[in-house]
Amino acid sequence: MKKIFCIIACLFALFFSTSFFAKSVNDGVEMDLEKAVLLGLANNVILKNLERQNEVFQMTVREKWREYLPKLGVSYFGLRNLNQNQQDSVYNDIRLTIQQLVYDGGENGRLIESARLSAEINKAEIQVQIRKTKIDVVRQYMKIISNRGKYLSSRRLYRSFEGQLNDTTLEYKNGLKSRLDFLEVSAKFNEAKLSLLRAETEFKNSITELKLILQLEDSDDFVIQENIFYDYYIEDPKPILDSDEGNLEENRPDLKKSKIIVNRLKLERETLESGWKPKLFAGGYYGKNTNDVLPVIHDNYGFNFSVVVPLGSSTLQSQSNYGIQTDGTGIQRIPGYGPQFVGQGANSFNSANLQLFDNLSQARKVLEGELKFVDAKSSYEFARKQAKFETIKARDKVLENYSVISVLSQKVLLYLENFRINRVKFKSGQLKRTDLLKSEYEFSKTQDDLADAYSEYLRSCYEYFYVTGRDLGDLPFYKVNLGKGNSIVAKLVKETRENEDFFPEKGRKK
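Criteria and cut-off values
Residues numbered from 1 in each chain as written. Predicted model: local features only at pLDDT ≥ 70, side-chain atom pairs only at ≥ 80, totals over all residues. Heavy atoms only, no water. Pairing = 2+ DSSP bridges. Helix = DSSP H or I, 4+ residues; strand = E, 2+ residues; numbered from the N terminus. Phe/Tyr/Trp six-rings, centres within 6.5 Å; stacked < 30°, edge-to-face > 60°. Buried < 20%, exposed > 50% of the residue type's maximum accessible area, 1.4 Å probe, protein only. Lys NZ or Arg CZ within 6 Å of the ring centre and 35° of its normal. Patch = residues over 30% accessible without salt bridge, like charges linked within 9 Å, V, L, I, M, F, W, Y side chains within 5 Å. Areas by Shrake-Rupley, 256 points an atom, 1.4 Å probe, with all protein chains shown as cover. Salt bridge = Lys/Arg side-chain N within 4 Å of Asp/Glu carboxyl O. Axes fitted to C-alpha atoms, helices over the stretch in contact; angles between N-to-C directions. Parallel < 35°, antiparallel > 145°, perpendicular 65-115°, else oblique. Left-handed = near helix turned anticlockwise from the far one by under 90°. Expected span 1.5 Å × (residues − 1). pLDDT = per-residue confidence, 0-100. Contact = heavy atoms within 4.5 Å. Core = buried A, V, L, I, M, F, W, Y, C linked by side-chain atoms within 4.5 Å.

Draft legend 1. Representation of the pairing of strand 6 (residues 314–325) within the structure. Strand direction decides the pairing type here: strand 5 (residues 298–311) and strand 6, joined by 12 bridges, are antiparallel. Bridge assignment links Leu-311 to a residue of strand 6, and that residue is Ser-314. Adjacent in sequence and paired antiparallel, strand 5 and strand 6 are bridged by 2 residues, among which Gly-312 carries a positive phi angle near 70°. Alignment of strand 6 against strand 9 (residues 345–355), held across 11 bridges, turns out to be antiparallel. In the sheet register, Ser-320 faces strand 9, and the bridge partner there is Asn-350.

Draft legend 2. A look at the packing of aromatic side chains. Scanning the entire structure with this criterion turns up 16 aromatic pairs. The interplanar angle of 35° and the centroid separation of 5.3 Å between the aromatic rings of Tyr-158 and Phe-189 together place this pair among those described as tilted. You can see Tyr-158 sitting in helix 5 (residues 107–173) and its partner Phe-189 sitting in helix 6 (residues 179–213), a full 31 residues away along the chain. Comparing Tyr-158 with Phe-189 shows no difference in burial state: the two are buried. Their ring planes at 65° and their centres at 6.1 Å tell us that Tyr-462 and Tyr-478 sit as a pair that is edge-to-face. Here Tyr-462, found in helix 11 (residues 433–468), pairs with Tyr-478, found in strand 10 (residues 478–480); they are 16 residues apart in sequence, far enough to count as distant. The pair formed by Tyr-462 and Tyr-478 is uniform in burial state, with each residue classed as buried. Positioned above the aromatic ring of Tyr-285 is the side chain of Arg-95, whose terminal nitrogen or guanidinium carbon lies 4.4 Å from the ring centre. Between Arg-470 and the ring centre of Phe-465, over which it is positioned, the NZ or CZ distance is 4.8 Å.

Draft legend 3. The arrangement of a nonpolar patch on the surface in detail. Together, Val-74, Tyr-76, Ile-94, Leu-96 and Leu-294 make up a nonpolar patch on the protein surface, roughly 520 Å² of accessible area in all. A relative accessible area of 35% places Ile-94 in the partly exposed class.

Draft legend 4. Representation of the packing of helix 5 against helix 9 (residues 253–273). Relative orientation of the contacting elements helix 5 and helix 9 amounts to 165°, with a least axis distance of 9 Å. In terms of orientation, helix 5 and helix 9 fall into the roughly antiparallel class. The handedness of the crossing between helix 5 and helix 9 comes out as left-handed.

Draft legend 5. Representation of unusual backbone geometry. Look at the link from Leu-294 to Pro-295: it is a cis peptide, with omega at 10°. Structurally, Pro-295 is set in the loop between strand 4 (279–290) and strand 5. Of note, Gln-215 is a non-glycine position whose phi angle comes to about 60°, a positive value. With respect to the helices and strands, the residue Gln-215 is situated in the loop between helix 6 and strand 3 (232–234).

Draft legend 6. Examining helix 11 more closely. Spanning 36 residues, helix 11 covers 53 Å between terminal C-alpha atoms, matching the ideal 52 Å at 1.5 Å per step. Most of helix 11 is tucked away: 26 of the 36 residues are buried. Count one or two residues on from helix 11 and you reach Gly-469, which has phi positive near 85°.

Draft legend 7. Quick look at the confidence of the model for the protein chain. Per-residue confidence for the protein chain gives a mean pLDDT of 88; residues scoring 70 or more make up 94%. Of all the helices and strands in the protein chain, helix 2 (residues 18–26) carries the lowest mean pLDDT, 41, while helix 11 carries the highest, 95. Here residues 1–26 is a poorly scored stretch, pLDDT under 50, and it has 34 contacts once near neighbours within four places are set aside; other chains count.

Draft legend 8. Summary view of the pairing of strand 2 (residues 89–103). Of the pairings in the sheet, the one linking strand 1 (residues 71–81) to strand 2 comprises 11 bridges and is antiparallel in character. Bridging across to strand 2, Phe-77 finds its partner in Asp-93.

Draft legend 9. Representation of the side chain of Asn-300. With respect to the helices and strands, the residue Asn-300 is situated in strand 5. Exposure remark for Asn-300: the relative accessible area of 1% places this residue in the buried category. With residues near it in sequence (within four places) discarded, Asn-300 still touches Asp-93, Arg-95, Tyr-285, Tyr-286, Gly-287, Lys-288, Asn-289, Ile-324 and Gln-325.

Draft legend 10. Quick look at the nonpolar core. Core analysis: the largest hydrophobic core is formed by 76 residues, its most contacted members being Leu-33, Tyr-462, Tyr-478 and Phe-503. Phe-503 has contacts with Arg-156, Tyr-230, Val-412, Leu-416, Phe-443, Gln-447, Val-489, Leu-492 and Val-493, leaving out every residue within four places of it along the chain. Within the second largest apolar cluster, 5 residues are counted, among which are Val-262, Leu-265, Ala-376 and Tyr-380.

Structure, rendered in structure tokens:
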């Protein structure tokens with residue numbers, strides 16, 4: 001409970017700090033995953049609506065509690081008859097009334113608990129939306145990181161091919177290369193140029209999609225520093241997964257919400273099934289009246305009882321009133337009969353009213369309540385099973401994506417070695433320039449595949465934490481440390497400065 005209120009308080013704080021974040025974004029500052037998540041939570045419209053609804057549910061609970069308190073009221077009744085050939089009559093009556101619920105078969109208590117559970121459902125829904133917003137931001141952010149890596153890789157390839165085209169053009173003009181050789185190299189350059197254009201477009205589109213998720217303006221600008229090749233340090237996830245013990249029913253807010261819905265529908269069913277229990281009210285009044293114009297001078301007081309008894313599809317209502325008129329002539333207002341004159345002394349009346357078949361929907365409501373309860377229980381059990389299946393599936397996906405990184409890392413080594421050999425062959429005249437460009441193009445595309453593999457792995461780690469119900473900020477599978485990643489690209493660049501020419505630059509903001 002405290003955790004939920006802390007989260008709600010944080011959301012309010014984030015809401016009020018949105019203008020600060022927006023100003024920072026407009027200044028083009030660095031954006032990382034943590035800032036993106038905070039902005040996503042602060043600007044989420046659904047979360048803001050749920051927070052306001054939570055106050056409504058709290059007010060409903062307070063309203064239901066007030067049903068146990070006496071209901072006070074002030075009543076005034078005035079009568080003035082101007083009769084021809086008869087004596088005129090004037091009457092004024094002012095009363096303070098009170099009514100108290102004595103017994104309702106526990107209905108109001110169940111309504112209070114139902115309202116409280118509705119508030120708990122809303123809090124659980126807030127948690128669901130918080131986690132959904134976080135994972136949506138994570139998915140898009142990882143897409144940006146991947147697209148940025150591919151853009152940098154395509155830019156390196158484009159620059160390399162541009163140099164090759166310049167050399168070929170010079171050789172062609174000097175008669176050292178044929179027109180066919182020039183056209184082949186030019187075609188390869190145009191292919192690299194198209195790849196760069198597509199990579200840049202995908203990167204910009206993914207930035208725009210993130211702005212949409214964060215509810216930012218298109219003019220808002222931010223810079224992402226992280227490079228998928230150099231800044232992510234990942235570890236073998238299997239030991240972490242093997243030692244992971246999570247309680248899905250305790251951690252996942254959607255399961256909590258489903259369970260609370262079951263409890264609330266159970267209460268509603270009990271309320272409907274207890275519809276046969278009578279309701280008893282007790283009340284009283286004290287006032288003054290007069291048979292003349294104001295002020296009132298004669299005391300009158302009394303007490304009453306009211307009983308409402310459901311009889312299947314019919315309803316019996318009974319009311320008894322006992323009063324004292326100290327002086328003068330008073331008027332008692334009898335339900336269903338209107339005002340009746342009473343004289344000085346004690347007065348009373350009893351009334352009973354049987355409404356036949358005025359509640360024909362009661363049996364249907366009881367059946368509907370039972371069906372809703374059974375359906376909710378079935379949905380909860382299915383959700384539990386589905387959560388376990390999602391956890392197993394997410395775990396396997398993490399291991400699979402980690403294996404993909406290992407496979408592609410070996411593939412990068414293979415294509416790098418092949419490219420190096422082809423460069424030697426080209427320099428010795430054993431290989432055409434177009435074949436060299438082809439091997440370099442394949443080598444670059446392998447780097448693109450590696451960028452996608454890292455992005456998919458990181459995203460699958462977050463998906464695993466998402467389906468197991470843990471806080472995404474506690475993810476133990478990787479660390480971000482600029483320039484200290486452990487990918488195969490980072491390792492090769494650290495080995496020798498010569499390798500820097502084969503891989504994308506780090507693309508840091510200057």
